[in-house]
Amino acid sequence: MTPIKECLINKKTNINPMWLMRQAGRYLPEFREIRKLNTNFIELCLNAELSEQITLQPLDRFDFDAAIIFSDILMIPYGLGQKVEFKKNFGPNLGEINLNELSDLDELSFTDRMSPIYKLLQNLSKNKKLKNKDLIGFVGAPWTLLVYMINKVSPKNGLSNNFFADMERVDYLLRILDKFIKIHIKNQVNAGATIIQIFDSWSGLIEKDFDKFLYNPTLSLVNFTKQLGVPVICFPRGISDYPLFCKNVKPDMVNIDYNVEPENLLKNVSIPIQGGLDPKILLTDKKSLKNEVTKYLEIFRDHPYVFNLGHGILPETRIDMVEEMVTIVRNFK
Ligand code: 1CP
């Protein structure tokens, strides 16, 4: 059994499996090389050969226990027919939603549009480099995808004023997202994903109606994934009540963000935990890194824990700091 599955299923605590959110990305010079030559990000995600190379890049350098496929949560809006572009120094930029086109969309055409992602998983699951490692597939949670689809740009400066203006449209999109996110999960599992992670990167922006926007839609995906026989990890970034989230949604594991106070959390959560370390620590020095990494490992010593970050690794992270972090985790006794 893979180290992460040992932790998730057998709840073993004497190992510290590890991987990093956004491990296949911009902090790696070899990724930047490929990216320079491939300026269209969506096309790069639809290039199964290059995506496979990128997925494996971090594993060639670091002793991680999982590969996460090189893809993006915004591939679902793309698969739904919305225009998605990534602009340099700006981020994602989405087009108008065509509701008529959406209501005509069937499973087959969606799967066809997304097929290079499934090809990528099929190829990776045959790759010997992933022996005894997990292959993580992922989706954005309905709320976070709704945010990008309606807001059309990153909500880092807040949601647009008219975000909730058309509630009928919001409800309709949530239903469509539930249907097609499940199709995307099922297709990834059929193609070889051994774990699914649900990224709800903007759940911290939900102010009310938590059942409608957070608990119910996530629970629906969690139950669906469990029925497929694959463990599911949730990352509800920025929410204020992780214990309540775990109680309501019951994922197999929860990834905490760096604002969560780990000692306090441990008193109220019994499921396996992943992550937590502030990615900014990797921009400091080796001594601070050791202190912070060891803090998490000490706190979770007797709890099933997968080492990871509290959000994606930052593009400006130095390779030698990642190497140092791996050494600290691997040598921790
Ligand atoms: O070169 C570039 O400019 C591309 C940078 C990049 C990369 C490497 C983007 C654009 N996406 C990705 C890959 C990616 N995205 C992966 C696979 C690689 C890995 O994890 O190793 C994954 C899992 C994601 C998930 C993702 N995309 C999330 C959820 C996780 C998180 O960081 O919160 C989100 C919010 C996105 C949207 C997105 N895609 C890319 C950017 C710059 C963003 C964020 C935009 C914003 O600020 O709103």
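First things first, this report covers the structure right here in the doc. Note that the structure is a prediction, hence the values are computed from the model and not measured.

### What to know about the environment of arginine 61
Within the fold, arginine 61 resides in helix H4 (residues 48-61). In this structure, the C-alpha to C-alpha distance between arginine 61 and leucine 266, residues 205 residues apart in sequence, is 32 Å. Separated by 2.7 Å, the side chains of arginine 61 and glutamate 30 make a polar contact.

### Some points on the nonpolar core
The tendency in soluble globular proteins is for nonpolar side chains to be buried as a group. Core analysis: the largest hydrophobic core is formed by 123 residues, its most contacted members being Leu80 and Leu146. Sorting elements by how many residues they give to this core places helix H10 (residues 167-190) first, with 10 residues. Excluding residues within four positions of it along the chain, leucine 80 makes contact with Leu102, Leu105, Phe110, Met149, Ile176, Leu177 and Phe180.

### Points about the packing of helix H2 (residues 29-37) against H4
Packed helices, taken two at a time, are described by the angle between their axes plus the distance between the axes. As a packed pair, H2 and H4 sit with axes 9 Å apart at the nearest point and diverge in direction by 165°. Relative to H4, H2 is oriented roughly antiparallel. Seen along the crossing, H2 lies across H4 with a hand that is right-handed. For the pair H2 and H4, contact is made by Pro29, Glu30, Phe31 and Ile34 and by Leu50, Gln53, Ile54, Gln57 and Arg61, respectively. Across the contact of H2 with H4, the residue classes break down as five nonpolar, two polar and two charged.

### What to know about the state of the cysteines
Within the structure shown, the criterion is met by zero disulfides. Here cysteine 234 stays unpaired: no disulfide links it, and the sulfur of cysteine 246, its closest cysteine neighbor, is 8.3 Å away. With relative accessibility at 1%, the residue cysteine 234 sits in the buried group.

### Considering the packing of H4 against helix H8 (residues 115-125)
Across the interface, H4 lies against H8 with an axial gap of 9 Å and an inter-helix angle of 50°. By the angle class used here, H4 and H8 are oblique. Between H4 and H8 lies a crossing of right-handed hand. Facing H4, whose interface residues are Ala48, Ser51, Glu52, Thr55 and Leu56, H8 presents Pro116, Lys119, Leu120, Asn123 and Leu124.

### Looking at the site of the ligand
In the vicinity of the ligand, 23 residues are found, and the nearest of them are Arg35, Asp72, Tyr148, Ser154 and Ser201. Between an oxygen atom of the ligand and a side-chain N or O atom of serine 201, the distance comes to 2.6 Å. The side chain of histidine 311 places a nitrogen or oxygen atom 2.7 Å from an oxygen atom of the ligand. Within the complex, the protein chains bury 89% of what would otherwise be the 890 Å² of accessible surface of the ligand. In the shell around the ligand, the residues fall into 13 nonpolar, six polar and four charged.

### Quick notes on the pattern of salt bridges
What the rule picks out here adds up to 16 salt bridges. Put simply, glutamate 33 and lysine 36 hold a salt bridge, and the shortest N to O gap is 3.5 Å. Of this pair, glutamate 33 and lysine 36 both sit in helix H2, three residues apart, roughly one helical turn. Overall, the relative accessible area of 60% leaves lysine 36 in the exposed class. Residue lysine 280 pairs with aspartate 278 through a salt bridge whose shortest N-O separation is 3.8 Å. Lysine 280 sits in the partly exposed class, given a relative accessible area of 45%.

### Details of helix H11 (residues 210-227)
Its 18 residues place the ends of H11 24 Å apart at the C-alpha level, agreeing with the 26 Å of an ideal helix rising 1.5 Å per residue. What H11 keeps buried is the set Phe213, Leu214, Tyr215, Pro217, Thr218, Leu221, Val222 and Thr225. As for H11, its buried residues are in contact with helix H9 (142-151), H10, strand S5 (195-199), strand S6 (232-235) and helix H12 (242-249). Count one or two residues on from H11 and you reach glycine 229, which has phi positive near 85°.

### Brief notes about the sheet that holds strand S1 (residues 66-68)
Strands sit in the order S1-S4-S5-S6-S7-S8-S9 across an open sheet of seven strands; the sheet is parallel. The open sheet has two edge strands with one neighbour each: S1 and strand S9 (305-306). Where S6 and strand S7 (residues 253-256) come together, two bridges link them in parallel fashion. Counted as the bridge partner of cysteine 234 is valine 254 from S7.

Calculation criteria
Residues numbered from 1 in each chain as written. Predicted model: local features only at pLDDT ≥ 70, side-chain atom pairs only at ≥ 80, totals over all residues. Heavy atoms only, no water. Helix = DSSP H or I, 4+ residues; strand = E, 2+ residues; numbered from the N terminus. Polar contact = N/O pair within 3.5 Å; in protein donor to acceptor, adjacent residues only side chain to side chain. Core = buried A, V, L, I, M, F, W, Y, C linked by side-chain atoms within 4.5 Å. Buried < 20%, exposed > 50% of the residue type's maximum accessible area, 1.4 Å probe, protein only. Contact = heavy atoms within 4.5 Å. Axes fitted to C-alpha atoms, helices over the stretch in contact; angles between N-to-C directions. Parallel < 35°, antiparallel > 145°, perpendicular 65-115°, else oblique. Left-handed = near helix turned anticlockwise from the far one by under 90°. Nonpolar A, V, L, I, M, F, W, Y, C, P; charged D, E, K, R; others polar. Disulfide = S-S within 2.5 Å. Near = heavy atom within 4 Å. Areas by Shrake-Rupley, 256 points an atom, 1.4 Å probe, with all protein chains shown as cover. Salt bridge = Lys/Arg side-chain N within 4 Å of Asp/Glu carboxyl O. Expected span 1.5 Å × (residues − 1). Pairing = 2+ DSSP bridges.

It is worth stressing that arrangement in space is one thing and function is another; only the former is reported here.
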